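Structural features, examined
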Amino acid sequence: RLFNAEGNGYDVLVASDAIGMGLNLNIGRVLFRRVLKYAGNAPSEARLASVAPEYRDDARRLGQLPADRALVKQIAGRAGRMSTAFG
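Let me sum up the structure you'll find in this document. (Residues numbered from 1 in each chain as written. Predicted model: local features only at pLDDT ≥ 70, side-chain atom pairs only at ≥ 80, totals over all residues. Heavy atoms only, no water.)

Before going further, it helps to spend a moment on the overall build of the protein chain. From N to C terminus, the protein chain includes 3 helices and 2 strands. Looking at the 87 residues of the protein chain, the share that counts as buried comes to 22%. If you take every contact in the protein chain between residues at least 6 apart in sequence, the share linking residues at least 24 apart comes to 60%. Of the accessible surface of the protein chain, which amounts to about 6800 Å², a share of 52% is contributed by carbon and sulfur atoms. (Helix = DSSP H or I, 4+ residues; strand = E, 2+ residues; numbered from the N terminus. Buried < 20%, exposed > 50% of the residue type's maximum accessible area, 1.4 Å probe, protein only. Contact = heavy atoms within 4.5 Å. Areas by Shrake-Rupley, 256 points an atom, 1.4 Å probe, with all protein chains shown as cover.)

This is the structure:
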């Protein structure tokens, strides 16, 4: 609620992908720091091939792979805007 209140003094909201749960926030733009999702303890080498070489070791260690484009669009699109100034 506080983020949606006019004149609240907040310009930026930092959140996880849970922001895509349809929170109806007054958001004008969604930016992603990274688009990796947990993929299990040991992603296969074939799946790791989609990761840029400089990030493969981190992806392997953390069990994270790039989120598929449709999922990223869904998260961004569901981040809010319904019944808000941007809806």
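This part covers helix α3 (residues 69-77). Those residues of α3 lying buried are Val72, Ile75 and Ala76. Relative to the axis of α3, the buried residues are bounded by an arc of 95° and lie together on one face. Relative to its buried face, α3 has exposed residues pointing more than 90 degrees away, namely Ala70 and Lys73. Put simply, Asp68 is the residue that caps the front of α3, since its side-chain oxygen is 3.1 Å from the backbone nitrogen of Ala70. (Arc of directions from axis to C-beta. Polar contact = N/O pair within 3.5 Å; in protein donor to acceptor, adjacent residues only side chain to side chain.)

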